[in-house]
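# What the coordinates show
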Amino acid sequence: MKVEAWFFGGGAPLFIIFAVVYGGVTGWDEPVGVACLFLTAGLALLIGGYLAYTARVIDSRPEDDPFAEIAEGAGELGEFAPYSWWPLAAAGGGAILFAGLAIGWWLVIVGVGLGAIGVVGWVYEFYRGEHAH
């Protein structure tokens, strides 16, 4: 996680430099872009700080060792839902929700409903059916 922490944390000074240069080029007449770049620097610092804290708390991973072999990273990486259709339902609900922002508020309600059904089905997928625990 140390590499990720440096990657995200190192973006903060870069975005601060971009914000100052952008403000100078625009004559500080366009405050939204400058504010967004400063907020992006803060977000990069926030994520980098979280990853640095997590790197101290958890054990070292093979990715953190420059001399590690590929085989050291082998093994199970997580538990994933095989042949699950629920992510498609959740994404479809999200797509309808965002289309509703452009088309009409009634479609937003439909998208929220379908998205909620998709997310609830996805979360509770392992509590019933073939893959129940």
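Heads up: the structure comes first, above all this text.
To keep things clear, this report deals only with the structure shown in the data block. (Residues numbered from 1 in each chain as written. Predicted model: local features only at pLDDT ≥ 70, side-chain atom pairs only at ≥ 80, totals over all residues. Heavy atoms only, no water.)

### Focus on unusual backbone geometry
- Located in the positive-phi region is Trp28, a residue other than glycine, with phi close to 60 degrees.
- Examined against the element boundaries, Trp28 turns out to sit in the loop between helix 2 (11–25) and helix 3 (31–57). (Helix = DSSP H or I, 4+ residues; strand = E, 2+ residues; numbered from the N terminus.)

### Focus: a nonpolar patch on the surface
- Residues Phe7, Phe8, Leu43, Leu46 and Ile47 make up a contiguous nonpolar surface patch of roughly 510 Å² in combined accessible area.
- Breaking the nonpolar patch down by element, the ones donating at least two residues are helix 1 (2–9) and helix 3.
- With three residues, helix 3 is the single largest residue contributor to the nonpolar patch.
- The residue Leu46 is located in helix 3 in this model.
- On the accessibility criterion, Leu46 (60% relative accessible area) is exposed. (Patch = residues over 30% accessible without salt bridge, like charges linked within 9 Å, V, L, I, M, F, W, Y side chains within 5 Å. Areas by Shrake-Rupley, 256 points an atom, 1.4 Å probe, with all protein chains shown as cover. Salt bridge = Lys/Arg side-chain N within 4 Å of Asp/Glu carboxyl O. Buried < 20%, exposed > 50% of the residue type's maximum accessible area, 1.4 Å probe, protein only.)

### Notes on helix 3
- Between its first and last C-alpha atoms helix 3 spans 39 Å; for 27 residues at 1.5 Å apiece the expected length is 39 Å, and the two agree.
- Those residues of helix 3 lying buried are Gly33, Val34, Leu37, Ala41, Ala44, Gly48, Leu51, Thr54 and Ala55.
- Packing partners of the buried residues in helix 3 comprise helix 1 and helix 2. (Expected span 1.5 Å × (residues − 1). Contact = heavy atoms within 4.5 Å.)

Keep in mind these values describe shape, not function.
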